[in-house]
Amino acid sequence: QVLVRELKQELARSRETSAAEAKRHGEAVQSYLDRLQRCEDQVEFERSRASRHRRVEEQLAARDAEIKDLQRERDQLREESATLRATGMAVVADIGKDRVAELQHMQAGLLNKYHRAVEESQVRQSAEEELRAKLVAARAAGERLWEERVSLQKRS
């Protein structure tokens, strides 16, 4: 019986030791599972972050491409603007040349009219002077004729 008791005690100690070991092993396994879960969570977080990072990089690349397109469009618009400005200046210059030629033509016409008016005025003035001279001569001739008539009447 002592042997049975000792065996029972040994069995009880063995069970306690096994239970303690099982408990420690269970805690170690649980700790390992918890660490494994944290690692899996971290991996998932890093994957998610990497995925966001890739999306951000893709968005940045798309924005960069859009910026380059806009810069090309801006440069093209600047070139077109410069071309239009030069064309506009050329058109204005052509219009200006046409307008200057038109104004010069008008000026020449007005000068011709002025010179004709001056000539006509001079001709009229000469004609008036000529008529005055003829009028003076006619008056003088009329006075002489009148005097001759008066003198003839006196004689008769």
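Above this text is the structure in question.
The rules we used
- Residues numbered from 1 in each chain as written.
- Predicted model: local features only at pLDDT ≥ 70, side-chain atom pairs only at ≥ 80, totals over all residues.
- Heavy atoms only, no water.
- Helix = DSSP H or I, 4+ residues; strand = E, 2+ residues; numbered from the N terminus.
- Rg over C-alpha atoms; globule rule 2.2 N^0.38 Å.
- Buried < 20%, exposed > 50% of the residue type's maximum accessible area, 1.4 Å probe, protein only.
- Areas by Shrake-Rupley, 256 points an atom, 1.4 Å probe, with all protein chains shown as cover.
- Salt bridge = Lys/Arg side-chain N within 4 Å of Asp/Glu carboxyl O.
- Patch = residues over 30% accessible without salt bridge, like charges linked within 9 Å, V, L, I, M, F, W, Y side chains within 5 Å.

Colleague: Which parts of the structure should I look at to understand the overall build of the protein?
Modeller: Across its full length, the protein carries 1 helix and 0 strands. In terms of overall size, the protein is more extended than a compact globule, its C-alpha atoms giving a radius of gyration of 65 Å where 156 residues would be expected to give roughly 15 Å. Considered along the principal axes of its C-alpha atoms, the protein spans approximately 220 × 25 × 10 Å. Burial status across the protein gives 0% buried among its 156 residues. Carbon and sulfur atoms form 56% of the exposed surface of the protein, whose accessible area is close to 14500 Å².

Colleague: What exactly am I supposed to notice about the pattern of salt bridges here?
Modeller: Any two side chains of opposite charge can pair, so long as their charged atoms come close to each other. If you walk through the whole model with that rule in mind, you get 7 salt bridges. Of the charged contacts in the structure, one is a salt bridge between E120 and R124, with a shortest N-O distance of 4.0 Å. Placement of the pair is E120 and R124 together in helix α1 (residues 2-155), with a separation of 4 residues, close to one helical turn. One salt bridge in this structure joins E130 and K134, with 3.8 Å as the shortest N-O distance. Here K134 and E130 lie together in helix α1, a separation of 4 residues that amounts to about one turn. Look at K134 and you get exposed, because its relative accessible area is 51%.

Colleague: Is there a simple way to think about a nonpolar patch on the surface in this case?
Modeller: Together, V29, Y32, L33 and L36 give the surface a local cluster of nonpolar side chains, amounting to about 340 Å² of exposed area. Assignment of secondary structure puts V29 in helix α1. Judged by relative accessible area, which is 34%, V29 ranks as partly exposed.

Colleague: Any chance you could explain the environment of E79 here in plain terms?
Modeller: Positionally, E79 belongs in helix α1. A relative accessible area of 56% means that E79 is categorised as exposed. For the pair E79 and M89, spaced 10 residues apart in sequence, the C-alpha separation works out to 15 Å.

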